[in-house]
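Listed below, chain by chain, are the residues.
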Amino acid sequence: MTLKGKSPIGIFDSGYGGLTILSEIRKLMPEYDYLYLGDNARAPYGSRSFEVVYRFTLQAVEHLFSRGCRLVILACNTASAKALRTIQQNDLPKLDPSRRVLGVIRPTVEKLGELTHTGEIGILGTMGTIQSGSYTMEIEKMYPGYHVYGQACPMWVPLVEYKEADSDGADYFVEKYINELFLQSKGIDTVILGCTHYPLLYPKIAKYMPDSVTVIKQGPIIAESLKDYLHRHPEIETACSKHGQCHYLTTESSGKFSPMASIFLDEPVEAEQITLT
C-alpha cells in the first residue's frame, strides 16, 4: 500500500530484527507514519559479501523512496555496516540529494561515552557486522583510547527466527558466545547488542552476562537519536506525515511474515508482499 500524498518514515531491515527498532520508535513517536520493509526472502544478510549487501540495501532504499519516503532508517547492523556509507556518498546525490538515509551504528556508538568506565567495549553481532569492523572504526574515530572486542554469534538469529529464543537449547549458544567474548578481555564493562534480533534473546543474555556489565539495546537509542535528528532537521520533519499509521512490506510471503512479525511487535500485523529488483 502506498501512502499517497504523504511521506512516511521508511524503516528497512534484512528480515524481522528491525521490528525491534520500529517498536521503540513508535513508542517514542507514535504520531508519525511508518513504512517497514523486510527483505525476508533474501535474509539473513550477515554472511553475505559487501557487494551483495550493498546491492540489496540500495534496492530496498529505492523502493521506499518510490513509496514516498524522504527519510529511511537502515534498522539493520549489517546493512549499516556494509552499505550505508556508499549509499550516502555515491547514490543519494544521484537519486535525490534532499532525501536522507541513516543507520544504527553511529547513534549506538555515541552512547558509549556515558556508560563505560574501563573503555573496553564488547560487540556481539552477526559474522558480517563483526568482520566489517564498522563498530571498531566508528569507536576508534569517536573514542580513540577505547579498546573494542568483537564476537560473532552466528546461531542467535536462527534461534530467534525459528522461535527457539525461549528454549533450553538457546542457553547453550547464548552462554557460549558470551564466554568467548570475555575470554578476549576481562575488562569489558559495556557490551553492544549489535544485531536487532538480539533483544528477543535478552532474558537469556542477561542470565549469562556478568552483573557488572552494561548491555546496550539499540531500539531506545535509535528512537531517541531519530527524534533528535528530526528536531535538528525541520526540513525533513515537516515532510513527515503524522497520522499514526504503520504499513508493512516483505519480500517473503505475507502469510509467513505476518505471524512472525506479530511475535516481534506483540500485535497483529498484516503485510504486503513485494519484489525487489
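Just so you know, these numbers come straight off a predicted model, no measurement behind them.

1. Some thoughts on the environment of E272
At step 1: By secondary structure assignment, the location of E272 is in strand 10 (residues 271–273).
At step 2: Along the backbone, E272 and G255 are 17 residues apart, and their C-alpha atoms lie at a distance of 9.5 Å.

2. Thoughts on helix 8 (residues 134–142)
At step 1: For helix 8, every residue scored as buried is listed here: S134, Y135, E138 and I139. Angular distribution of buried residues about the axis of helix 8 spans 125 degrees; they occupy a single face of the element. Opposite the packed face of helix 8, turned more than 90 degrees from it, sit the exposed residues M137 and K141.

3. Brief notes about the pairing of strand 3 (residues 71–74)
At step 1: Of the two faces of strand 3, the one lined by L71 and I73 and the one lined by V72 and L74 are each fully buried.
At step 2: The sheet contact formed by strand 1 (residues 9–13) and strand 3 spans four bridges and is parallel. The partner of I11 across the bridge, within strand 3, is I73.
At step 3: Across three bridges, the pairing between strand 3 and strand 4 (residues 100–102) is parallel. Looking at strand 4, one finds that V72 is bridged to V101.

4. Regarding the UniProt feature "active site" (unreviewed entry) in the chain
At step 1: This chain's UniProt record puts "active site" (unreviewed entry) on C76 and C195. For this annotated set, covering 120 residues, all C-alpha atoms fall within 7.0 Å of each other, a compact arrangement in space.
At step 2: The topology assignment puts C76 in the loop between strand 3 and helix 3 (77–82).
At step 3: The buried category is assigned to C76, whose relative accessible area is 4%.
At step 4: Excluding anything up to four places from it in sequence, C76 contacts F12, D13, S14 and V104.
At step 5: Looking at the element boundaries, C195 is found in the loop between strand 7 (190–194) and helix 11 (202–208).

Each value, and the rule that gives it
- Residues numbered from 1 in each chain as written.
- Predicted model: local features only at pLDDT ≥ 70, side-chain atom pairs only at ≥ 80, totals over all residues.
- Heavy atoms only, no water.
- Helix = DSSP H or I, 4+ residues; strand = E, 2+ residues; numbered from the N terminus.
- Buried < 20%, exposed > 50% of the residue type's maximum accessible area, 1.4 Å probe, protein only.
- Arc of directions from axis to C-beta.
- Pairing = 2+ DSSP bridges.
- UniProt positions renumbered as here; feature names shortened; annotations may be inferred.
- Contact = heavy atoms within 4.5 Å.

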